[in-house]
Amino acid sequence: MNLDALNKIATAMVAPGKGILAADESSGTIKKRFDQIKVDSTADNRRDYREMLFRTKEAMEKCISGVILYDETIRQNAKDGTPLVRLIVEAGSIPGIKVDAGAKAMAAFPGEQVTEGLDGLRERLAEYYKLGARFAKWRAVIDIGLGGDRAIPTYGCLRANMHALARYAALCQEASIVPIVEPEVLMDGDHDIDRCFEVTELTLGLLYEELYFARVPLEGTILKPNMVIAGKKSAKQASTAEIAEKTVKCFRRAVPAAVPGIVFLSGGQSDEEATENLNAMNAGYRKIMPWALSFSYGRALQAAPLKAWSGKAENVAAGQRAFLHRAKMNGLAQLGTWSAALEKAA
Ligand code: 13P
């Protein structure tokens, strides 16, 4: 393993003013997104949609450091025959790949899930490297609430998921691929922000313990976490200022300074919330954060372009404008210079 080379890629993934486009929706998830705009989820439609995003030159060159792809997409060609991976590389962005096989019900742990996909991973990573991937993603899902009559998450579920993440990360580094480790504490419940803080801190504590025992040098990794935020169904929603303060406080406790960068998932926040919260952290706390703080948004970058496109070739320019705007706004949030006025000026 060449740790300097891994660290160089990880650092480029969190370059100033840039972040990651998560375009790695599985076949099931992209179908759900297409259902919302009444478009059939065919291989050609999926290609057309993603080609539209990757050909948004200004967004890709100025604001998108890397793109997370799905197995189908990393093998797909644009309509004119150019590999989609080449479009990304030519824009100066880094191709990445989702390698987990999804979260499955965990035996003996009602209501909890464990992410699968370690079997054959070494061979798949070698192939993905040849196809151009220089980083990968594995997502563990942690739910807050009740599983049967027990409070979840349980220690057993957290331990199993963080162990799998560490095993995945070691295999990635062996293959010269930077692992994005993504332990997502879901915002689906009715818990308040302090419960999210407690669960996120515990999750990250266990993650870095497992990474240590798996001999994963953190300089060659990126963390993709949730923000510390109240559950969607909580009656007690937190302000942007409180989300920023508590998220930074939690990470300062739990994320070692050797980690080059932290990129958030949007997790069901609205586009503007995801941008505003990231901006508040970078504007208010940059001096006390040892890592770069950026975005790796799926829905918060794609909801607007998906709607503007709506599956029609004549809407490609409108879809690209919508994508450019969100990419720019999040690029500014990475710098801590976003404002509501700029948001509206589009
Ligand atoms: P969202 O930003 O839509 O949560 O997606 C990011 C992601 O890649 C989740 O794994």
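Heads up: the structure comes first, above all this text.
Model, not experiment: these values are computed from the prediction. Each chain has its residues counted from 1, running along the sequence as written. Owing to the predicted nature of the model, reporting of local features is limited to residues with pLDDT of at least 70; listing and counting of side-chain atom pairs is limited to 80 or more, with chain, interface and lining totals taken over all residues. Heavy atoms from the whole structure form the basis of all side-chain values; hydrogens and water molecules are not counted.

Attention now moves to the packing of aromatic side chains. Any pair of Phe, Tyr and Trp rings, taking the six-membered ring for Trp, is counted once the centres come within 6.5 Å. Such a pair is stacked with planes under 30 degrees apart, edge-to-face with planes over 60 apart, and tilted for the rest. In this structure the tally under the stated criterion is eight aromatic pairs. Counting every residue linked through ring pairs, the aromatic cluster contains F34, Y49 and W309. A ring is considered to have a charge above it if a Lys NZ or an Arg CZ atom is located within 6 Å of its centre and within 35 degrees of its normal. In this arrangement the basic side chain of R134 is found over the ring face of Y129, its NZ or CZ atom lying 3.7 Å from the centre.

Now for the environment of K57. Examined against the element boundaries, K57 turns out to sit in helix 4 (residues 57-62). Each C-alpha atom, one on K57 and one on A91, is 6.6 Å from the other, the two residues being 34 residues apart in sequence. Secondary structure elements are taken from DSSP: a helix is a run of H or I of four residues or more, a strand is a run of E of two residues or more, and numbering for both begins at the N terminus.

Our focus in this paragraph is the site of the ligand. We define proximity as follows: a residue is near a molecule or strand when any one of its heavy atoms falls within 4 Å of that partner. Inspection of the region around the ligand gives 13 residues, with K137, K224, S266, G267 and R299 positioned closest. By the criterion applied in these results, polar contacts are pairs of N or O atoms within 3.5 Å in which, for protein atoms, one can donate a hydrogen and the other can accept it, and in which residues neighboring in sequence qualify only through two side-chain atoms. In the environment of the ligand, an oxygen atom lies 2.5 Å from a nitrogen or oxygen atom belonging to the side chain of K137. E182 places a side-chain nitrogen or oxygen 2.9 Å from an oxygen atom of the ligand. Contributing elements (two or more residues each) for the shell around the ligand: strand 6 (135-142) and strand 12 (292-297). Three classes are used, and their members are as follows: Ala, Val, Leu, Ile, Met, Phe, Trp, Tyr, Cys and Pro are nonpolar, Asp, Glu, Lys and Arg are charged, and the others, Gly among them, are polar. When grouped by side-chain class, the residues that make up the shell around the ligand number three nonpolar, four polar and six charged.

Here we come to the nonpolar core. Here, nonpolar core means buried Ala, Val, Leu, Ile, Met, Phe, Trp, Tyr and Cys residues that are tied together by side-chain atoms lying within 4.5 Å of each other. Buried, partly exposed and exposed residues are distinguished by accessible area as a fraction of the type maximum, computed with a 1.4 Å probe on protein chains only: under 20%, between the cut-offs, and over 50%, respectively. In this structure, F54 and Y168 are the most contacted members of the largest nonpolar core, which totals 93 residues. Every residue pair with non-hydrogen atoms within 4.5 Å of one another is taken to be in contact. Apart from residues no more than four positions distant in its own chain, Y168 is found in contact with V99, L118, L121, A136, K137, W138, P179, I180 and V181. Among the nonpolar cores identified, the runner-up in size contains 14 residues, and M13, A22, I68 and I222 belong to it.

Turning next to the sheet that holds strand 1 (residues 19-22). Strand order in the closed barrel made by the eight strands is 1-2-3-6-9-10-11-12, with parallel pairing throughout. In short, DSSP must find at least two bridges between two strands for them to pair. As defined by bridge partners, strand 1 adjoins strand 2 (residues 64-69) across four bridges and the pair is classed as parallel. Residue pairing in the sheet places L21 in a bridge with V67 of strand 2. Axis angles are defined between N-to-C directions and span 0 to 180 degrees, where every axis is a line fitted to C-alpha atoms and, for a helix, only to the segment in contact. The strands touched by helix 11 (residues 271-285) are strand 11 (261-264) and strand 12; relative to strand 12, the strand with the most contacts, the crossing angle is about 170°.

By the alternation rule, side chains of strand 11 split into G261 and V263 and I262 and F264, which are all buried. With two bridges joining them, strand 10 (residues 222-223) and strand 11 adopt parallel strand pairing. Among the inter-strand pairings, L223 is bridged to a residue of strand 11, identified as I262. Orient the strands so they point away from the viewer; a crossover is then right-handed if the path from the first strand over the helix to the second runs clockwise. Between the parallel elements strand 10 and strand 11, the chain passes through helix 10 (residues 240-254) in a crossover that is right-handed. Pairing analysis gives four bridges linking strand 11 to strand 12, with the strands arranged parallel. Bridged to G261 within strand 12 is A292. Crossover handedness for the path strand 11 to helix 11 to strand 12: right-handed.

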